[in-house]
Amino acid sequence: MAPAIMNEEANGMGDKGPTLQTPYGMTLFVLSHRVVMAPMTRCRALNHVPQDSHVEYYSQRATNGGLIITEASAVAPEGFGFPNSPGIYTEEQIEAWRRVVSAVHKRGGIIFCQIWHVGRASHIVYQPGQLPPVSSTDHVLPENLSIQLPDGSYGKYSPPTALTTEQIPHIVEQFRRAAKNALLAGFDGVEIHGAHGYLIDQFSKNGINDRNDRYGGSIENRCRFMLEVLKAVTEEIGESRTALRISPIIDHLQATDSDPHALGMYMVEQLNQFNLAYLHVTEPRFTAKGTVEFKGDCSWLRKAFKGTFVSSGGYDKEKGEIAVNSGYADLVSYGRLFISNPDLPLRFFNGVPLNPYDRSTFYTHDQVIGYTDYPAHSSTLCLSNRKDSDF
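Residues numbered from 1 in each chain as written. Predicted model: local features only at pLDDT ≥ 70, side-chain atom pairs only at ≥ 80, totals over all residues. Heavy atoms only, no water.

Asker: It is not clear to me how the overall build of the protein should be interpreted in this structure. Could you clarify?
Answerer: Looking only at helices and strands, the protein has 12 helices and 15 strands in total. For 391 residues, the compact-globule formula gives about 21 Å, and the C-alpha radius of gyration of the protein, at 20 Å, lands near that figure. Dimensions of the protein, computed from the C-alpha atoms along their principal axes, are close to 55 × 45 × 40 Å. Contacts spanning at least 24 positions in sequence make up 72% of the contacts within the protein whose residues lie at least 6 apart. As displayed, the protein offers around 15,400 Å² of accessible surface, 52% of which is attributable to carbon and sulfur atoms. Each charge class in the protein was averaged separately, 35 positive and 42 negative side chains, and the resulting centres sit 2 Å apart. (Helix = DSSP H or I, 4+ residues; strand = E, 2+ residues; numbered from the N terminus. Rg over C-alpha atoms; globule rule 2.2 N^0.38 Å. Contact = heavy atoms within 4.5 Å. Areas by Shrake-Rupley, 256 points an atom, 1.4 Å probe, with all protein chains shown as cover. Lys, Arg positive; Asp, Glu negative; His and termini not counted. Charge placed at Lys NZ, Arg CZ, Asp CG, Glu CD.)

Structure representation (structure tokens):
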């Protein structure tokens, strides 16, 4: 692995500031540009195992020195809440991911595996023995929210059971093993999914967490689970190969907090004690209730965090350029635009128009349609096929 370039000139901190095309040094990794592929659930992993189509999908979107974050992969059989989403806990899954990683590396790409446990955002049909899903609480998600079931229909979330204090270390161990498995598959690192109303977020936010033990009540207690997972993963694979995604303001899946600012600041204070690969933060513009008090940005978190800051949430090229040029973010992650534009960075850098995306095919199980059939532009093909492309 090439050493990181950790100086102001290499990171584009000149008089004009960096652009999306400026290289960036990130712990062990040297990125050739700052356009990151965001983690996106796509529901193509039949029986929770990545397929040949995953090899093609991710390799299509790999660029030399570009960072890809995979769709979330469950750390255990109990961690699923979507049909045909992948796992990272069996030998078959590890081997399948190994082929994906190899294809991305052949293109010169850097790839992190996002690992998660959905907690209560599940249904008994996804749970071994059809047992209730687990969470920080036994309160079910409200009836106005629905979950996609394996047959394509939608149902209500199942009532969860609250994890006991004694059960929590077992879940932490599942995250540790998943991180170990990711490196066995060849991944460059892992991103722990601590956001968007899934299990870690269910502990962190007091709109969900109603516990009265050492994992509930104060911000310190509610963040304990997240930090235990982070400690276990970093001890297993190293801090510089570990990243974390958080969303202290986002209220997805009823994940609200009475003081998101205090929650976010406490998280960052704790994370600054680690030398993480990066911190991935979702912009608050997508909250259901709005976040007027934060003026639609996470600049306060950016200023507090001492490491690499990745921002995501509705960016286009222009807004991404502004974010990195102003220092608001070091890297910008793109989701939907990467779905329909496998050559997205090259399109950005060469002024090529973007393909529109089709929402109706985001979560189908078809191995081609809406997945690997979006074309690269003819003007970018010769560049995207070169491992030594100079961005």
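Asker: How do you make sense of unusual backbone geometry when you look at a structure like this?
Answerer: Glycine aside, the phi torsion of most residues is negative, and most peptide linkages are trans. One non-glycine residue, cysteine 43, adopts positive backbone phi at about 65 degrees. Summarising the element assignment, cysteine 43 is placed in the loop between strand E3 (35-37) and helix H1 (52-60). Of note, the phi angle at asparagine 47 is positive, near 55 degrees, even though the residue is not glycine. Note on placement: asparagine 47 falls in the loop between E3 and H1.

Asker: Quick question: what am I supposed to make of the pattern of salt bridges here?
Answerer: When charged atoms on two side chains of opposite charge get close, those side chains can pair. Within the structure shown, the criterion is met by 13 salt bridges. The closest approach of N and O atoms between glutamate 321 and lysine 317, which form a salt bridge, is 3.2 Å. Of this pair, glutamate 321 and lysine 317 both sit in helix H9 (residues 317-326), four residues apart, which is roughly one turn of the helix. One continuous salt-bridge network, built from bridges that share partners, spans Glu173, Arg176, Arg177 and Glu236. (Salt bridge = Lys/Arg side-chain N within 4 Å of Asp/Glu carboxyl O.)

Asker: Could you clarify how one ought to interpret the confidence of the model for the protein in this entry?
Answerer: Atom-level detail of predicted coordinates should not be read off regions where pLDDT is low. Looking at the protein as a whole, its pLDDT mean stands at 91, while 90% of the residues score no less than 70. For the stretch residues 1-10, pLDDT sits under 50, and the model shows 23 contacts to residues farther than four places along the chain or on other chains. This stretch, residues 286-295, has a pLDDT under 50; its non-local contacts, to residues over four places away or in other chains, come to 15 contacts. (pLDDT = per-residue confidence, 0-100.)

Asker: Just checking my understanding: could you explain the packing of aromatic side chains for this structure?
Answerer: Here the distance between the centres and the angle between the planes together describe a pair of aromatic rings. Within the structure shown, the criterion is met by 14 aromatic pairs. Ring geometry for phenylalanine 203 and tyrosine 215: centres 6.2 Å apart, planes at 75 degrees, overall edge-to-face. Of the two residues, phenylalanine 203 is situated in helix H4 (residues 199-204) and tyrosine 215 in the loop between H4 and helix H5 (219-222); the sequence distance between them amounts to 12 residues. For the pair shown, phenylalanine 203 and tyrosine 215 are each scored as buried. Considering the side-chain rings of phenylalanine 203 and phenylalanine 225, the 4.6 Å spacing of their centres and the 40 degrees angle between planes classify their relative orientation as tilted. Taken together, the residues span a long stretch of sequence, with phenylalanine 203 in helix H4 and phenylalanine 225 in helix H6 (residues 224-237) at a distance of 22 residues. (Phe/Tyr/Trp six-rings, centres within 6.5 Å; stacked < 30°, edge-to-face > 60°. Buried < 20%, exposed > 50% of the residue type's maximum accessible area, 1.4 Å probe, protein only.)

Asker: How should I be thinking about the environment of cysteine 298 in this particular structure?
Answerer: If you trace the backbone, cysteine 298 turns up in the loop between strand E13 (278-282) and helix H8 (299-304). Relative accessible area serves as the criterion here: at 1%, cysteine 298 is assigned to the buried category. Linking cysteine 298 and proline 353, residues 55 residues apart in sequence, is a C-alpha distance of 29 Å.

Asker: Could you clarify how one ought to interpret the packing of H1 against helix H2 (residues 91-106) in this entry?
Answerer: Relative orientation and spacing of two packed helices are given, respectively, by the angle between their axes and the distance between those axes. Look at H1 against H2: their axes get within 8 Å of each other, and the N-to-C directions meet at 25 degrees. Between H1 and H2, the angle is such that the two are roughly parallel. Crossing handedness for the pair H1 and H2: right-handed. Seen from H1, the contacting residues are Asp52, His54, Val55, Tyr58 and Ser59; seen from H2, they are Trp97, Arg99, Val100, Ala103 and Val104. In terms of residue class, the contact of H1 with H2 is made up of six nonpolar, two polar and two charged. (Axes fitted to C-alpha atoms, helices over the stretch in contact; angles between N-to-C directions. Parallel < 35°, antiparallel > 145°, perpendicular 65-115°, else oblique. Left-handed = near helix turned anticlockwise from the far one by under 90°. Nonpolar A, V, L, I, M, F, W, Y, C, P; charged D, E, K, R; others polar.)

Asker: Help me understand helix H7 (residues 260-271) in this model?
Answerer: Residues spaced three or four apart along an α-helix point in a common direction, a consequence of the helix completing one turn every 3.6 residues. The first and last C-alpha atoms of H7 sit 16 Å apart over 12 residues, in line with the 16 Å expected at 1.5 Å per residue. Turning to H7, its buried residues are Pro260, Leu263, Gly264, Tyr266, Met267, Val268, Gln270 and Leu271. At its buried positions, H7 is contacted by H4, H5, H6, strand E12 (242-246), E13 and H8. (Expected span 1.5 Å × (residues − 1).)

Asker: Explanation requested: the layout of surface pockets in the structure shown.
Answerer: It is the rolling of a water-molecule-sized probe over the atoms that shows where space remains empty. Counted as a void, the largest pocket has a volume near 1,500 Å³. Split into classes, the residues belonging to the lining of the largest pocket amount to 24 nonpolar, 17 polar and seven charged. (1 Å grid on protein atoms, 1.4 Å probe; cavity = no way out; pocket = protein on both sides within 12 Å on 5 of 7 lines; lining within 4 Å. Points joined across faces, edges and corners; volume = space filled by probe spheres on them.)

Asker: Please clarify how the packing of helix H3 (residues 168-184) against H6 should be interpreted in this entry.
Answerer: Following both chains from N to C, one finds H3 and H6 inclined at 35 degrees, their axes separated by 9 Å at the closest point. The handedness of the crossing between H3 and H6 comes out as right-handed. Along the contact surface, H3 presents Ile168, Ile171, Val172, Phe175, Arg176, Ala179, Lys180 and Leu183, while H6 presents Phe225, Glu228, Val229, Ala232, Val233, Glu236 and Ile237. Taken together, the residues of the contact of H3 with H6 break down into 11 nonpolar, no polar and four charged.

Asker: Can you walk me through the pairing of strand E14 (residues 309-312) in this structure?
Answerer: A regular strand places its side chains on the two faces of the sheet in alternate fashion. Across the two faces of E14 the burial is the same, with Phe309 and Ser311 and Val310 and Ser312 all buried. As defined by bridge partners, E13 adjoins E14 across four bridges and the pair is classed as parallel. Bridge pairing links valine 281 to serine 311 in E14. Pairing of E14 with strand E15 (residues 331-334), which is carried by three bridges, proceeds in the parallel orientation. Within the sheet, the bridge partner assigned to serine 311 lies in E15 and is valine 332. In this fold, E14 hands off to H9, which returns the chain to E15; that crossover is right-handed. (Pairing = 2+ DSSP bridges. Right-handed = clockwise from strand over helix to strand, strands pointing away.)

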